[in-house]
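Descriptive structure summary
Here are the chains, one letter per residue:
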Amino acid sequence: MNRFIQIHLDEEAIVQTDPPQTPAPPMLELSRVVKSFGPVVALRSGSLRLQSGSIHALVGENGAGKSTLVKIVAGLYRRDAGEFRLRGEEVDFTSTAQSKAAGIAVIYQEPTLFPDLTVTENIFMGRQPVNRFGRIDRKAMRREAEELFQRLGVRIDPDRPAEGLSIADQQVIEIAKAVSLDARVLIMDEPTAALSGVEVDRLFAVARSLRDEGRALLFISHRFDEIFALCDTVTVMRDGAYVATTPIAETTVDEMVRQMVGRDVTELFPKTPAEIGEPLLEVEGLTRAGVFHDISFSVRAGEIVGLAGLVGAGRSEVARAVFGVDPYESGSVRIGGKGLPKRRPDAAIREGLALVPEDRRKQGLVLESSVSRNVSLVIRGQLAKAGIITNGFENRAAKVWASRLEVKTNALSTIAGTLSGGNQQKVVLGKWLATEPTVLIIDEPTRGIDVGTKAEVHRLLSELAGRGMGILMISSELPEVLGMADRVLVMREGRITAEIDRADATSENVMFAATHATGAHS
Amino acid sequence: MTTATATAPVRTYRDYDRPLWQRLLLTREMAIIALLVIVAIVATATVRGFGQPITFTYLILDVTPILLIALPMTLIMITGEIDLSVASIVGLSSVLTGVLTQAGVPFEAAIVVALVAGAIAGAVNGFLVTVVGLPSLAVTIGTLALYRGLAVGLLGTTAVTDFPDFWTDLAKMKLGGSNVPAVLLLFLALLVVFVVLLHFTPFGRGIYAIGLSKSAAHFSGVHVERTKFLLFVMSGTIAALAGIYYTLRFGSARGDNATGLELQVIAAVVLGGVSVFGGRGAIHGVIAGVLLIGILASALRLANVTSDVINIITGVLLVASVVSNSFLAWLRTRRRAPGGTARARASAAG
């Protein structure tokens, strides 16, 4: 089953998952756990119960306390109050080493492997088997790695260096490492955020085989379709507290969303029809050898064009080339009929182009800088009077955009990196809307942000299009593309393979064009 | 444009999360300034002769080259780069001034040539770093040797000592009967330029953004490479200016003038609160850093402490300041909110 199933799941998905097992003593149990940092209470009352042989989902908006809960389990934080039991015994970890020794493994979104070492060496890092001369026994290591991969049904060459592996494969290696350490509890923190459909399937197959071996898995995700496809039970958190735990078969997306936000979110993807005007962005024959080839499309005023495709299809690369941060070899980019020079983001900005990039933390924001400095970074030249800029000018501009987008922070001097993902995205949006662009390219507008903010972002995009802005939206979430876009472009292996109108776009034909060599358009 | 959600309450934002006095006083720069004041008071009270006006005059004359070079160095280090070739450019500029003067070129013209040579030397650094894409540490270690080699090669082990009296007097002139050297005015003029450039212009905002996140700056339309290139040119030019001053003050153009000065400059810049990783620092801290090292050395010399011991003390001070910096940063992240570093928390939030 691919991850592009509709957000309202069908019966198949329900039958596929097993209900939780008999209530044996839980593998891991947290109850009413409290954690605060000075005056900030990150976790008011965290409760969670993981059973062996079960995949458990943990959902909640950003800031709901999921990460804090996980960090307590991982031994990164110590709880202030509450109970934490492992196999019925009270535990209190003061370090990650203790947590690991107790059989808990946490797999993070971005694994940290040693790029120059082989896959095998990475798995056995720090505990390589040795032969009787005290030398590393490469044969034994290699054999164990192979056995491990076979057991997990993974096909990665154990001898290749970790460098160049996809994030999905890197995660699988982290999982293999955890399994070889005989971890009984595996926690995956948004493992699928950067994965494409096929990769997600592979990861899920591994997760299921681990469940069948009797391990307890915790899966943190913002993607409901995946939760319904994979998990047995779901726990919802809100505002640092436990809300409910339900067997997956007994809940619905609407119900979960209601529990997460404490209110009804009726419409997730509310693009309202807008008057489509003149073409604003025209891209013709854009080519960069080995990355993308002969890319041509246009974005009109009032239009949201969705750019769909698998991760690695070259969508972000096209966006970056159009904006001028990446090079391209041939082709042209025009804004409002005016040609843009290559590799000149400043020129693109002047002509009214804005790019909200894929990687918010590295490309979108200067993380260690304040909200104010971030919002005013691009427009700092315009803010200056006679070449002079002061904090006052910046704060005035930042205040306008922070309040329009409702960034949740008290002060403009707050360091951007301390905000939640959704609020960081709002700061990036504010920074670019402040340039008053005519064309907005937005790459993964809602990746890793919570449901409430997601709806806000969608409403905002719809509103901007309604006011005549042209929007190119790159998204790996098909419901988002289908719900928001007036027109869908699909890329596969560096080429545009289909262009589908809103009325004709379905998850099937978009998915087909994204995965098959001959798309609908040839 | 209206707000994205109609139901939520309208938010108000404070400009800062800390009151004014905290923002002004609880900074690393203020800590260095406080230390500077304390050292100055203690030295005046305990070291015989330190309070004399002549000590002050010599102190200013001594630290002027460091002060000058520290200005562009601060900007370069905030972008996360470094320029180790500055002292060699001082030497090169000194030799050029000397050789040209000796060859009968008018002194004024020699100065201009030396300044242009400094700018070119900086441009070579900038080219290798920004266009070729080499790390500035490696590039400027190379040009440190190259420019010094050129300087010594041009003049050999001899020295040129014959300069117009007007210019040598000017370098040591005091302002109208006071003990304040006139060269201080030159520094103050450049100080104003660099303070404005770094702290009050869009260009300066770009410098900080580059130091904190090169890629985010690039994605925001900041001219990352052009900015760095310009800074290296500035650094070369100011180093050449310092070289001319050096020559005039000692009345001697030599190939080995100011050898090792780059380390004193960098030590003072780091002591003044500029992060070696880029993105942090301010000019007033750097000035305090230069003066702190200068006063300490001057007072200790007057107290007949040998130069080895002075070096040891300066070194310990520098290490202590770097350690305290990391320690303070660690404290701050612990206090601020949900544990870990800013980066770790950010990745957890995503």
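Predicted, not measured: the structure shown is a model, and the values here were computed from it.

**Description of the overall build of chain A**
Scanning chain A from terminus to terminus reveals 19 helices and 20 strands. Against the compact-globule benchmark of 24 Å for 522 residues, chain A has a radius of gyration of 24 Å, which places it among compact chains. Each of the three principal axes of chain A carries a C-alpha extent, and together these read 70 × 50 × 50 Å. Per-residue burial for chain A yields a buried fraction of 60% across its 522 residues. In the form shown here, chain A has an accessible surface area of approximately 20,800 Å², with 48% of it arising from carbon and sulfur atoms. Looking at charge distribution, chain A has the averaged site of its 63 positive side-chain charges lying 6 Å from that of its 69 negative ones.

**Focus: the sheet that holds strand β14 (residues 330–335) of chain A**
All names here are of chain A. Spatially, the four strands line up as an open sheet ordered β12-β11-β14-β15, and their pairing is antiparallel. Edge positions in the sheet fall to β12 (292–300) and β15 (338–339), since each of these pairs with one other strand and no more. The pairing of strand β11 (residues 279–288) with β12 spans six bridges and is antiparallel. From the neighbouring strand, valine 283 faces β12, where its bridge partner is phenylalanine 297. Taken strand by strand, helix α10 (residues 315–323) contacts β11, β12 and β14, and its axis lies near 70 degrees from that of β12.

**Notes on the pattern of salt bridges**
Pairs can form between side chains of opposite charge whenever their charged atoms are close. Residues and elements named next belong to chain A. Applying the stated criterion across every chain yields a total of 39 salt bridges over all chains. Its salt-bridge partner being aspartate 232, residue arginine 211 comes within 3.1 Å of it at the nearest N-O pair. Placement of the pair is arginine 211 in helix α7 (residues 197–212) and aspartate 232 in the loop between α8 (224–230) and β9 (233–238), with a sequence separation of 21 residues. Note on accessibility: arginine 211 and aspartate 232 belong to one class, buried. One network of salt bridges, with partners in common, ties together Arg78, Arg79, Glu83, Arg85, Glu90 and Asp92.

**What about the domain arrangement of chain A?**
According to the domain assignment, chain A contains domain 1 (11–113 + 216–261), domain 2 (267–352 + 439–522) and domain 3 (364–436). Relative to domain 3 of chain A, the C-alpha centre of domain 1 of chain A lies at a distance of 34 Å.

**Overview of the sheet that holds strand β19 (residues 487–492) of chain A**
Residues and elements named next belong to chain A. Strand order in this open sheet of six strands is β16-β17-β18-β13-β19-β20, and the pairing throughout is mixed. The strands lining the two open edges of the sheet, one partner per strand, are β16 (353–356) and β20 (495–501). The average undirected angle you get between the axes of adjacent strands in this sheet is 20 degrees. In this structure, β16 lies alongside strand β17 (residues 439–443), joined through four bridges in parallel fashion.

Procedures and definitions
- Residues numbered from 1 in each chain as written.
- Chains lettered and ligands numbered in written order.
- Predicted model: local features only at pLDDT ≥ 70, side-chain atom pairs only at ≥ 80, totals over all residues.
- Heavy atoms only, no water.
- Helix = DSSP H or I, 4+ residues; strand = E, 2+ residues; numbered from the N terminus.
- Rg over C-alpha atoms; globule rule 2.2 N^0.38 Å.
- Buried < 20%, exposed > 50% of the residue type's maximum accessible area, 1.4 Å probe, protein only.
- Areas by Shrake-Rupley, 256 points an atom, 1.4 Å probe, with all protein chains shown as cover.
- Lys, Arg positive; Asp, Glu negative; His and termini not counted.
- Charge placed at Lys NZ, Arg CZ, Asp CG, Glu CD.
- Pairing = 2+ DSSP bridges.
- Contact = heavy atoms within 4.5 Å.
- Axes fitted to C-alpha atoms, helices over the stretch in contact; angles between N-to-C directions.
- Salt bridge = Lys/Arg side-chain N within 4 Å of Asp/Glu carboxyl O.
- Domains from an automatic or database assignment.

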